[in-house]
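Spelled out from the first residue to the last, the chains are:
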Amino acid sequence: MPKREGALRCPLLPMRAILGPLLLLAFPGFADAPGRLGFAADTVDIHATSGAQSGPIGKLLTASPVTALGPVEDGWRPVAVAGWTLVGAERALQAAPGIRVTRAALGPDGVGALSFGASRDDPETGQTWTRARLTGWIAVDTVALSPDLDTLWRRAEALFATRCTTCHVRRVPAHYTANQWTSHLKVMGPRTGLPRADQALIRVFLQYHSADAAALAAALTED
Ligand code: HEC
């Protein structure tokens, strides 16, 4: 019996050693793609084609999950961001139907870079939301991506704990919905005196820890 086990196990080791490099040869440059690249650590310009001459078609917003579609070419990477758009408001790609955690804000030319999927009616609001996927190119050297959300949240929580408690007690993130946090931050954000990027980071941190936290976590696995 021990002899037989050995016979089964041994051939697997060389197989793995051979298969790994073979896969790399079959897909050159794909060793680090495709797949989830990371999360926007700040706003990130997205372009319709590789190269800056075409100008950006929109911005990915802080914490937007970015998927690689292929390898880097001359400093540019083809990427996709998935989400939902409200019918009639296609220039804002949101994380989930009815939950306005904006993943991308598009210019007039940006809507053409969206591909649409199935629609869903939200019975509470009577609104129709459509699955949408934005594809484009980002300049890898100039954009800030975080490998995970926790890295972003550590900085956000420190800002929230110190800058949102100077006038009143610390509010409980889960006591408000993601959409309520958007409204509150419009008023409270400027009161902190922080740069807009930091206000946006606090907002999205609070949204991901809001009453909609479970729906937002689920939306991250949908991409
Ligand atoms: C300069 C003072 C000040 C700062 C800084 C401040 N707040 Fe406020 N906050 C207030 C005041 C005053 C109110 C009472 C309602 C009002 O005036 O809008 C309030 C109310 C609130 C409310 C309750 C609103 C409601 O209608 O229930 C929330 C939530 C809140 N703040 C969150 C925050 C967050 C998050 C930050 C940090 C981004 C922050 N605040 C920073 C002054 C401040």
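For clarity, every value in this text was computed on a predicted model and none was experimentally measured.

### So, the overall build of the chain
Consideration 1: Each helix and strand in the chain was counted, giving six helices and ten strands.
Consideration 2: Partitioning the contacts of the chain with sequence separation of at least 6, the portion at a separation of at least 24 is 64%.

### Here we look at the nonpolar core
Consideration 1: If you look at the biggest cluster of nonpolar residues, it comprises 43 residues, and the most contacted ones within it are Leu60, Val81, Ala104, Ile202 and Phe205.
Consideration 2: Examining the composition of this core, we find that seven residues originate from one element, helix α5 (residues 196-208), more than from any other.
Consideration 3: Shared between two domains, this core holds at least three residues of each, these being domain 1 (35-145) and domain 2 (149-220).
Consideration 4: Those residues in contact with isoleucine 202 that sit more than four places away from it in its chain are Ala156, Leu159, Phe160, Cys164 and Leu185.

### Section: unusual backbone geometry
Consideration 1: One non-glycine residue, alanine 63, lies in positive phi territory at about 80 degrees.
Consideration 2: Here alanine 63 is to be found in the loop between β3 (56-60) and β4 (65-68).
Consideration 3: Its 27 C-beta neighbours within 10 Å are what place alanine 63 among the buried residues.
Consideration 4: For aspartate 74, which is not glycine, the phi dihedral falls at a positive 50 degrees.
Consideration 5: Within the secondary structure, aspartate 74 is located in the loop between β4 and β5 (76-86).

### Re the site of the ligand
Consideration 1: For the ligand, the set of nearby residues contains 13 residues, the closest of which are Cys164, Cys167, Arg171, Met188 and Arg191.
Consideration 2: Considering every element that reaches the shell around the ligand, the biggest residue donor is helix α4 (residues 178-191), with five residues.
Consideration 3: Here the residues of the shell around the ligand sort into five nonpolar, five polar and three charged.

### Regarding the pairing of strand β7 (residues 99-106)
Consideration 1: Where β3 and β7 come together, three bridges link them in antiparallel fashion. Among the inter-strand pairings, lysine 59 is bridged to a residue of β7, identified as alanine 105.
Consideration 2: Relative to β7, strand β6 (residues 89-96) is paired through four bridges, and the arrangement is antiparallel. Note that in β7 the partner of leucine 93 across the bridge is alanine 104.
Consideration 3: The turn linking β6 back onto β7 is made up of two residues, and glycine 98 within it adopts a positive phi angle of 80 degrees.

### Let's talk about the pairing of strand β1 (residues 35-40)
Consideration 1: Here β1 pairs with β4 via four bridges, running antiparallel. Along β4, the bridge assignment pairs glycine 35 with alanine 68.
Consideration 2: Across two bridges, β1 lies against strand β10 (residues 145-146) in antiparallel orientation. Counterpart to phenylalanine 39 in the pairing with β10 is serine 146.

### Re α4
Consideration 1: End to end, α4 covers 20 Å across 14 residues, agreeing with the expected 20 Å (1.5 Å per residue, within 8%).
Consideration 2: Taken residue by residue, α4 has Ala178, Trp181 and Leu185 as its buried positions.
Consideration 3: As for α4, its buried residues are in contact with β7, α5 and α6 (213-220).
Consideration 4: Just downstream of α4 lies glycine 193, where phi reads positive at about 75 degrees.

Reading guide: rules and limits
- Every chain begins its residue count from 1, and numbering advances along the sequence as written.
- Only residues with pLDDT of at least 70 are given local features in this predicted model, and only at 80 or more are side-chain atom pairs given and counted; all residues enter the totals for whole chains, interfaces and linings.
- Starting at the N terminus, helices and strands are each numbered in turn, a helix being any DSSP run of H or I of at least four residues and a strand any DSSP run of E of at least two.
- Our contact criterion uses C-beta atoms placed from the backbone: two residues qualify when those atoms are within 7 Å.
- A set of buried residues qualifies as a nonpolar core if it consists of Ala, Val, Leu, Ile, Met, Phe, Trp, Tyr and Cys joined through C-beta atoms within 7 Å.
- Each residue is classified by how many other C-beta atoms fall within 10 Å of its C-beta atom, where C-beta atoms are placed from the backbone; a count of 20 or more means buried, 12 or fewer means exposed, and values in between mean partly exposed.
- Segmentation into domains, and thus their bounds, comes from an automatic or database assignment.
- To decide nearness, the C-beta atom of each residue is placed from the backbone, and the residue is near a molecule or strand if that atom lies within 6 Å of it.
- In the scheme used here, Gly and all other residues not listed as nonpolar or charged are polar, with Ala, Val, Leu, Ile, Met, Phe, Trp, Tyr, Cys and Pro taken as nonpolar and Asp, Glu, Lys and Arg as charged.
- Only when DSSP finds a minimum of two bridges between them are two strands counted as paired.
- Given a helix with a known number of residues, its expected span is that number minus one, times 1.5 Å.

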